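Spelled out, the chains give:
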Amino acid sequence: MGYILTKEGFDAVVDALKEQYRLYAPVLKKGEGRFTDTDVVRYDFVETAGQIELEKKSDYAFKELLTPLSETLFFFTEDAVKPADADLRPVIVFLRSCDLHAVKRLDQIYLANGKDRDWFYQRIRDCVRFALIGCGRTCADGFCVDMGSNRSTEGYMFSLDEVDGKILSDVKAPELEGLFAEKAERAGDVTPRYVTENSVRVSVPETVPNSIYKAGLWDEYSTRCIGCGRCNFVCPTCTCYTMQDVYYTDNGKVGERRRVASSCMVDGYTDVAGGGQYRKSCGERMRFKVLHKVYDYRRRFGYDMCVGCGRCDAVCPEYISFSACINKLDRAVKEAQSNG
């Protein structure tokens, strides 16, 4: 059911939701960007509807709520293991369509990537619900249309679009119908806004021949990429992590185990016992990342991992464009196929 609300009416909805849920949304942080005179949009818990940034895409993804950068999984002694406490209060995350599609990727990796589910992810995920922020226009670096993540029709409790000073909401959750009906000016047909055309276009190859793994197109990234891993840490679908044991005593029998976010692009991630390293150069790491996002993951699960949010393009200090990487890959594949 759709509802049209005044801003005051939506404020009242948010106030009512706060009684049951924590609210996690993109927030404009004035003067907190990479430079002292720049702003940044980051996710944070909010208290009022006015704090929610509806126009600008967040510079960082929402995923730290589900997969914290550093998460203590359990504590151990010589005799026992105790799972760490977690904040399991219900929460609503406000996100855009590309990020809502990213949730499907995270769920796939942690909950449906083998015979066992990740218990630590599952207990947080069970507490999380979503609100969809409509997109009235394309963002500068996004290519969600070509990745098929520009529109979401399910998976959210309600949507919100600000149009001509009004808040338009498509309410999917039956338990919220009464609240919105009470606070709305009127009911009506509402379809969340979504972009139909991006300024950035990509062409994703259907298949990749083995010759591409040794192609020269990856070599340039061995000199351009500095291996900082920013692209991975802002990506809403990257899930790589390492495990760390922190010991409280010298005997190594009391401490905690942490899951810490990591990155296929940084030094040390592919190090193995004996001093081996599978992907030493940044070019090899870029090859792994690109093919995983737009080919290998699809071979396993049937859809691409990348959702085309464009955050990696915006954050790279060396101005490496992931969308350009996809298009270079596609051209190389076509050239290889034409050459037999």
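Located above this text is the structure these notes cover.
A brief report on the enclosed structure follows. (Residues numbered from 1 in each chain as written. Predicted model: local features only at pLDDT ≥ 70, side-chain atom pairs only at ≥ 80, totals over all residues. Heavy atoms only, no water.)

## Some remarks on the packing of aromatic side chains
When we look at a pair of aromatic rings, we describe it by the centre distance and by the angle of the planes. With the rule as written, the count across this model stands at 10 aromatic pairs. Their ring planes at 85° and their centres at 5.1 Å tell us that Trp119 and Phe120 sit as a pair that is edge-to-face. Ring pairing ties together the aromatic residues Tyr3, Phe94, Phe158 and Phe180, which thus form one cluster. Above the plane of the ring of Tyr303 lies Lys104, whose end atom (NZ or CZ) is 4.2 Å from the centre. Sitting over the ring of Phe288, Arg279 keeps its end group 3.8 Å from the ring centre. (Phe/Tyr/Trp six-rings, centres within 6.5 Å; stacked < 30°, edge-to-face > 60°. Lys NZ or Arg CZ within 6 Å of the ring centre and 35° of its normal.)

## What to know about the side chain of Lys63
As for its placement among the helices and strands, Lys63 is situated in the loop between β3 (40-45) and β4 (70-76). The side chain of Lys63 sits in the buried core without any salt bridge; Glu64 is the nearest counter-charge, 7.7 Å away. Not counting residues within four places of it along the chain, the set of residues in contact with Lys63 comprises Leu106, Asn232, Phe233, Cys235, Pro236 and Cys238. (Helix = DSSP H or I, 4+ residues; strand = E, 2+ residues; numbered from the N terminus. Buried < 20%, exposed > 50% of the residue type's maximum accessible area, 1.4 Å probe, protein only. Lys, Arg positive; Asp, Glu negative; His and termini not counted. Salt bridge = Lys/Arg side-chain N within 4 Å of Asp/Glu carboxyl O. Contact = heavy atoms within 4.5 Å.)

## Some details on unusual backbone geometry
Most of the time, phi is negative for any residue but glycine, and the peptide bond is trans. Even without being a glycine, Asp164 presents a positive backbone phi close to 55°. Along the chain, the position of Asp164 falls in the loop between β8 (158-163) and β9 (166-170). At Tyr319, a position not held by glycine, the phi torsion is positive, near 60°. Its place among the elements puts Tyr319 in the loop between α9 (311-315) and α10 (322-338).

## Quick look at the nonpolar core
In terms of nonpolar packing, the biggest core is built from 31 residues, with Phe143, Trp218, Met286, Val290, Val294 and Leu329 touching the most fellow members. The contacts of Phe143, once residues within four sequence positions are left out, are Asn198, Val200, Val202, Cys306, Gly308, Gly310, Phe322, Ser323 and Ile326. (Core = buried A, V, L, I, M, F, W, Y, C linked by side-chain atoms within 4.5 Å.)

## Quick notes on the sheet that holds strand β5 (residues 81-83)
Across the sheet, 4 strands lie side by side as β5-β4-β12-β11; this open sheet has antiparallel pairing. Only two strands of the sheet have a single partner each, and these edge strands are β5 and β11 (241-247). Taking the axes of each pair of neighbouring strands and ignoring which way they run, one obtains an average angle of 25° across the sheet. (Pairing = 2+ DSSP bridges. Axes fitted to C-alpha atoms, helices over the stretch in contact; angles between N-to-C directions.)

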